[in-house]
Amino acid sequence: MSLEAKIEAILFYKAEAVTVSQLVKWLSVSTEEIESSLNQLGGNLAERGVRIIRQGEEVMLGTASEAGAIIEQITKEELSRDLGKAALETLTLIIYEGPLARAEIDYVRGVNSSFILRHLLVRGLIEREIDKKDARRFIYRPTLDLLRHLGIEKVEDLPEFETIKKQVANFLTEQVLVNIEQSNEDGTEN
Amino acid sequence: MSLEAKIEAILFYKAEAVTVSQLVKWLSVSTEEIESSLNQLGGNLAERGVRIIRQGEEVMLGTASEAGAIIEQITKEELSRDLGKAALETLTLIIYEGPLARAEIDYVRGVNSSFILRHLLVRGLIEREIDKKDARRFIYRPTLDLLRHLGIEKVEDLPEFETIKKQVANFLTEQVLVNIEQSNEDGTEN
Amino acid sequence: MEENFRVKIADFEGPLDLLLNLIEKRKMHISQVSLAQVADGYVNYLKNQENQSMELMANFIMVASTLMLIKSLALLPGLQLSEEEKESVSDLEDRLKRLQRVRDLSRHLKERFGKDIIFGREEGSAPVIVFSPTREITLPGLFEAVKRLLNNLPTKEIIPQTIIKKVISLEEVISDLAERVSRALKMSFGDFVKDKKDKVNIIVSFLGMLELVKQGAINIEQKAHFAEIEMENKSVGVPRY
């Protein structure tokens, strides 16, 4: 049985997000082999009813977005469709410019974002982890659930994604200093 | 999107077997078309990690039998692993405060708990039932096996049960207030 | 926004949202020029807010102080700004541009969210249930966990002290700025605002004074109090502020 088929079986069976390092461990192969098999699998599934969704280290299988309407007919799940303006803007920032700390989100939005971040965390649309560059704060990033709700298989499928990422990268090198000052001043995270 | 891909999406999504006549109904095509697409799908999946399993009128997807060993190994390993802080906290919340709906658990923890709940269910530590107050949602409670494992007969035997229950209950009644602030921030659509 | 004073502050998500709306309403690009033009509208808007929380107003007032700098600069090009002031001006511009970009991009999310959902497998497709406790699950272990949980319950956000401090020092900023402007103009602003306790009113007064300068309504030779200057001028009349 090919590595690709084994990965497919595991992802199907687990029915939830699995990390690349979990696959490495379970299948006793290198990260490179997993990555290349995931690529192959992704390519083979491109025209099928089931696709690979990927965000950072996490992968899962999901139905093709084109089949969304059909599944909606037969699902009993309660679907969430409503996103307010604050939620939309915060998610946009996190997807296109993320991962971001709260201080940076507050800075761009001009308001305190703790409630909206909490709301998005509870809905499972974003997740947070301790910032490796500054252990006193969290950084926020998109979840696979967010991608699922957007009907995209990876963040790069969003329009203008690459262009904006590049702009942000250029901008960030200039902004690093400002942001550090900002987070030192208002960096109380709860 | 091809009929075959649509069928694949449905079979992937559904946890249990689906009948050919259900597929006919959901996809508004003839039995013959379903049968021929199922054949095609069966052929295309022949070498993959996921296969079609057919018994009379019923079809479902399942992992390839060659993947059986690796999946068994993963299951064993998962079940022998520690729960970790987050899952332990969720479990404790359900023991002290249960039965609770997922929304309440998410609210207290401030993050989405669906994966953790699923994990606790699989391990037989909690069980769920339909909420009598709201049939669209489940409520979660500790299993009898868990109480027995802890050496207690009822949750009231837990250390400081009353005090802790009251603290969490207080927090949950404050929910209304905080939620209003959230929806104010979130709810403005323009 | 001058046309509609009844719009509530809660309709906007903070000062940048309000500013961006004011600029976009006039179909202008974000620049120091457009910011100077909407400064009055912004402050007027603030003036008509009642019963707002300290934190909410604090955010708006901080931006107002930067707008005053921008407007002063637009009217008095010779005005010297400190490094910090220069930075706060370009900072405000940058933030607005970023917010505008985020807002433009957010339509991609709005168009897609909840439309063609990708589904994972249905719940219930979970593996067989086997009771498998771990060694962490003991009464003391659970007690520890519940303590941790209680400690981590979110609390209401407290206004960061820094914001309050910044707002309090705003009065100093204004009087300092007024002094520099008046040195340039040979007049005093201090007496004009001496009976005004409300920070927003002081800002409004300051912008009002700048407006009078712009309209040529103030005799800059005159060394008297503002009120007297005002009376001397028939064409403008009493400031609406």
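It should be emphasised that the depicted structure is a prediction, and the values quoted were computed from it without experimental measurement. (Residues numbered from 1 in each chain as written. Chains lettered and ligands numbered in written order. Predicted model: local features only at pLDDT ≥ 70, side-chain atom pairs only at ≥ 80, totals over all residues. Heavy atoms only, no water.)

Participant: Sorry, what's going on with the packing of aromatic side chains here?
Facilitator: Within a pair of aromatic rings, the relevant descriptors are the distance that separates the centres and the angle that separates the planes. Inspection of every chain in the model, using the stated rule, returns five aromatic pairs over all chains. Both rings, one in Tyr13 of chain B and one in Phe119 of chain C, keep their centres 5.6 Å apart while their planes meet at 75 degrees; by these two values the pair is edge-to-face. On the criterion of chain membership, the pair formed by Tyr13 of chain B in helix H1 (residues 3–13) and Phe119 of chain C in the loop between helix H4 (83–112) and helix H5 (139–151) is interchain, its members lying in two chains. Accessibility expressed as a relative area gives 1% for Phe119 of chain C, which makes it buried. Across from the ring centre of Tyr107 of chain B, 5.0 Å away, lies the NZ or CZ of Arg118 of chain A, which sits over that ring. The ring of Phe12 of chain A carries Arg121 of chain C above its face, with NZ or CZ at 3.7 Å from the centroid. (Phe/Tyr/Trp six-rings, centres within 6.5 Å; stacked < 30°, edge-to-face > 60°. Helix = DSSP H or I, 4+ residues; strand = E, 2+ residues; numbered from the N terminus. Buried < 20%, exposed > 50% of the residue type's maximum accessible area, 1.4 Å probe, protein only. Lys NZ or Arg CZ within 6 Å of the ring centre and 35° of its normal.)

Participant: Before we go on, may I ask you to explain the packing of helix H2 (residues 20–27) of chain A against helix H4 (residues 68–80) of chain B in this structure?
Facilitator: Packed helices, taken two at a time, are described by the angle between their axes plus the distance between the axes. Between H2 of chain A and H4 of chain B, the least distance of the axes is 10 Å, while the angle of their chain directions is 115 degrees. In terms of their interaxial angle, H2 of chain A and H4 of chain B are classed as roughly perpendicular. In this structure, H2 of chain A crosses over H4 of chain B, and the sense of that crossing is right-handed. Touching Gln22, Lys25, Trp26 and Leu27 of chain A of H2 of chain A are Ile70, Gln73, Ile74, Glu77 and Glu78 of chain B, all from H4 of chain B. (Axes fitted to C-alpha atoms, helices over the stretch in contact; angles between N-to-C directions. Parallel < 35°, antiparallel > 145°, perpendicular 65-115°, else oblique. Left-handed = near helix turned anticlockwise from the far one by under 90°. Contact = heavy atoms within 4.5 Å.)

Participant: Please clarify how the sheet that holds strand E5 (residues 126–131) of chain A should be interpreted in this entry.
Facilitator: Think of a sheet as strands paired side by side through backbone hydrogen bonds, with each pair either parallel or antiparallel. Residue and element names in this part refer to chain A. Overall, antiparallel pairing links the three strands, which are arranged E4-E6-E5 in an open sheet. Of all strands in the sheet, those bounded by a partner on one side alone are strand E4 (100–101) and E5. With two bridges joining them, E4 and strand E6 (residues 134–142) adopt antiparallel strand pairing. Along E6, the bridge assignment pairs Ala101 with Ile139. Across the sheet, helix H7 (residues 114–122) touches E5 and E6, and the angle it forms with E5 is around 115 degrees. (Pairing = 2+ DSSP bridges.)

Participant: Got a minute to help me understand the interface of chain C and chain A in this structure?
Facilitator: How big an interface is tends to be reported as the loss of accessible area on association of its parts. Opposite the 41 residues of chain C that make contact, chain A presents 62 residues. Between chain C and chain A lies a buried interface of about 4,800 Å² when both sides are counted; carbon and sulfur atoms form 56% of it. It is Phe113, Ile118 and Phe119 of chain C in chain C that bury the most area against chain A; as a group they hold 19% of the surface buried on that side. The tally of links from chain C across to chain A stands at six salt bridges. Of the charged contacts, one joins Asp17 of chain C and Lys85 of chain A as a salt bridge, the two residues approaching to 3.2 Å between their closest N and O atoms. (Buried area = accessible area lost by both parts, 1.4 Å probe. Salt bridge = Lys/Arg side-chain N within 4 Å of Asp/Glu carboxyl O.)

Participant: Honestly, the pairing of E5 of chain A in this entry has me stumped. Any pointers?
Facilitator: Put simply, side chains in a regular strand alternate between the two faces of the sheet. Residues and elements named next belong to chain A. Bridging between E5 and E6 involves six bridges; their strand directions are antiparallel. Residue pairing for E6: Glu129 is matched across the bridge by Ile139. The antiparallel hairpin formed by E5 and E6 contains two residues in its connecting segment.

By themselves, these observations are geometric and do not establish any function.
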